[in-house]
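Analysis of the macromolecular model
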Protein chains: 2
Amino acid sequence: MTQRRGRFPTREELRIWRDFIETTEALRAAMAARLQSESGLSTGDYSVLLALTEAENGRLRSSELAATIGWERSRLSHHLGRMDRRGLIRRENCTSDNRGAEAVLTEEGAAAFHRATVPHLRAIRELFVDGLTPAQIRAAGDLAAALGDHLILDREKEENL
Amino acid sequence: MTQRRGRFPTREELRIWRDFIETTEALRAAMAARLQSESGLSTGDYSVLLALTEAENGRLRSSELAATIGWERSRLSHHLGRMDRRGLIRRENCTSDNRGAEAVLTEEGAAAFHRATVPHLRAIRELFVDGLTPAQIRAAGDLAAALGDHLILDREKEENL
DNA sequence: GGAATATAATTGACACGTCAATCATTTCCG
DNA sequence: CGGAAATGATTGACGTGTCAATTATATTCC
């Protein structure tokens, strides 16, 4: 086998890269559109509502919420502002740490999440599961694990310059 | 084997879905960040510049450009506006159809694209190719094809309601 | 105790994407 | 020919994401 590492991608690798990134992007957009039209929620809303629903008392510190769903703090801050305006959550001050803030699920937020759940699960099946064989689904999990691990390694390398 | 189709995703399918969508999103973001920091271009800029570079005379009708890179018209229009402001392209009227517009690659745009190419190819190798085995790369191409075909079918079903 | 530092969160500026509305021109066809 | 419909493209409004700067409170340590 010829040397590969350290060289530019081959034509075939490039083709696969483009296909892969464009298709996953289209999949993301399709799912976002489904969720929006069926439930009036964005995927961001859904992530936040899911995390709060699973949290004790439907409330979480901002930073914990950010960690749970893997968002940057400022992104979450902007998003909570929008969700607050729509009445899906409300913000409260944290009693134990006056710097902190808590996001609290409202009745309306809980209701919106429950209305969204079934259609969203159906969309995951229709757009993702139904399009793949069981072997391909396993391959998708495998790929995600490999790419994710590799991204982390790459980030660490970056930081230790 | 038990009946699957028409049911909600299993726990395992759901885990893989989340892993897959989050990881591909992280990959997209990492690539965008690399391109931005190394070349001062967004991935959108890169797509547009690539299409124009490969086009005859470095110019394309707006609608053809949109079709080439698979964008909606209004998205392209906004993006060309931003690229125009930065001097990467300029707009000209189409002589054969007065409704039409052409996007033309500028010297500056061509130069920016050439500066970006090598680092971008390197990033594709480092973030994608190097993280996967050859079999996994084939699996990625396979997945993209299957998901893409399925998305198209789903869209058609949607339209023929 | 109190200054230096670290941490929690928000804000503002700006790029990006989508949708619906709009405008100009061309094509279709009676 | 001439008006209706189709086409090419732009625009405005708004939600979203990132980065850098800012604000407020806690912690550290002399």
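See the structure above.
A short tour of the structure in this document, coming up. (Residues numbered from 1 in each chain as written. Chains lettered and ligands numbered in written order. Predicted model: local features only at pLDDT ≥ 70, side-chain atom pairs only at ≥ 80, totals over all residues. Heavy atoms only, no water.)

**Quick notes on the pairing of strand β3 (residues 101-105) of chain A**
All names here are of chain A.
- Counting buried residues along β3, four of its five residues qualify, which places the element largely inside the surrounding structure.
- Of the pairings in the sheet, the one linking strand β1 (residues 59-61) to β3 comprises three bridges and is antiparallel in character. Across the sheet, the residue bridging to Arg59 is Val104, located in β3.
- Pairing analysis gives five bridges linking strand β2 (residues 89-93) to β3, with the strands arranged antiparallel. Along β3, the bridge assignment pairs Glu92 with Glu102. (Buried < 20%, exposed > 50% of the residue type's maximum accessible area, 1.4 Å probe, protein only. Helix = DSSP H or I, 4+ residues; strand = E, 2+ residues; numbered from the N terminus. Pairing = 2+ DSSP bridges.)

**Looking at the protein's contact with DNA strand C**
- For DNA strand C, the set of nearby residues contains 21 residues, the closest of which are Ser63, Ser77 and His78 of chain A together with Arg75 and Arg82 of chain B.
- Here the atoms of DNA strand C within 4 Å of the protein split so that 62% fall in sugar or phosphate, with bases taking the remainder.
- At 2.7 Å from a phosphate oxygen of DNA strand C is found a side-chain nitrogen or oxygen belonging to Ser63 of chain A.
- Within the side chain of Arg99 of chain B, a nitrogen or oxygen atom sits 3.4 Å from a base oxygen of DNA strand C.
- At the level of elements, α3 (62-69) and α4 (73-85) of chain A together with α4 (73-85) of chain B are the ones that each hand at least two residues to the surface near DNA strand C.
- It is α4 of chain B that provides the largest number of residues to the surface near DNA strand C, a total of five residues.
- Grouping the amino acids of the surface near DNA strand C by side-chain chemistry returns one nonpolar, eleven polar and nine charged. (Near = heavy atom within 4 Å. Polar contact = N/O pair within 3.5 Å; in protein donor to acceptor, adjacent residues only side chain to side chain. Nonpolar A, V, L, I, M, F, W, Y, C, P; charged D, E, K, R; others polar.)

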